[in-house]
Amino acid sequence: MANAMTKGQITSHFAEKFNLKKIAAAAILEELASLAAREAKNGFTIPGVGKLVVVNRKARAGRNPATGETIQIPAKTVLKFRIAKQCKEAALGS
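What counts as what
Residues numbered from 1 in each chain as written. Predicted model: local features only at pLDDT ≥ 70, side-chain atom pairs only at ≥ 80, totals over all residues. Heavy atoms only, no water. Pairing = 2+ DSSP bridges. Helix = DSSP H or I, 4+ residues; strand = E, 2+ residues; numbered from the N terminus. Buried < 20%, exposed > 50% of the residue type's maximum accessible area, 1.4 Å probe, protein only. Patch = residues over 30% accessible without salt bridge, like charges linked within 9 Å, V, L, I, M, F, W, Y side chains within 5 Å. Areas by Shrake-Rupley, 256 points an atom, 1.4 Å probe, with all protein chains shown as cover. Salt bridge = Lys/Arg side-chain N within 4 Å of Asp/Glu carboxyl O. Lys, Arg positive; Asp, Glu negative; His and termini not counted. Charge placed at Lys NZ, Arg CZ, Asp CG, Glu CD. Axes fitted to C-alpha atoms, helices over the stretch in contact; angles between N-to-C directions.

## Points about the pairing of strand S4 (residues 70-73)
By the bridge criterion, 4 bridges tie strand S3 (residues 60-63) to S4 in an arrangement that is antiparallel. Counterpart to Arg63 in the pairing with S4 is Thr70. Once S3 ends, the chain turns through 6 residues before running back antiparallel as S4, passing Gly68 with a positive phi of about 80 degrees.

Laid out in structure tokens, this is it:
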């Protein structure tokens, strides 16, 4: 299996693809990450890739694996990334 692209490789790809300087491509990538982080609480979609969504998890019972004791896991809010259907199909070949 191939290794994931690094930030530098992604920056170089965008710079070549769109005839930009690498510093401009890096700035665009940084701004996309910053915008996603800022807007995540409202939901943030990258068309064709996926979206960030806020999910409220309910409180639930769990078990301590070391002692077997039942514990209560509190409710909490988490951030999830949902992969877009076309991206999933492209990656998994389904």
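## Concerning unusual backbone geometry
Of note in the backbone geometry, Asn19 takes a positive phi value of approximately 55 degrees without being a glycine. The class for Asn19 is exposed, based on a relative accessible area of 73%.

## A closer look at a positive patch on the surface
A cluster of basic residues, Lys51, Arg57, Arg60, Lys76, Lys80 and Arg82, forms a positive patch at the surface. Considering every element that reaches the positive patch, the biggest residue donor is strand S5 (residues 76-83), with 3 residues. Structurally, Arg82 is set in strand S5.

## Section: the sheet that holds strand S2 (residues 50-57)
Consider a sheet: its strands pair through backbone hydrogen bonds, and that pairing is either parallel or antiparallel. Pairing is antiparallel in the open sheet, where 3 strands are placed in the order S1-S2-S5. Sheet topology places strand S1 (44-46) and S5 at the edges, where each strand pairs with a single neighbour. Ignoring strand direction, the axes of neighbouring strands in this sheet form an average angle of 30 degrees. By the bridge criterion, 3 bridges tie S1 to S2 in an arrangement that is antiparallel. Bridging from a neighbouring strand, Phe44 pairs with Leu52 of S2.

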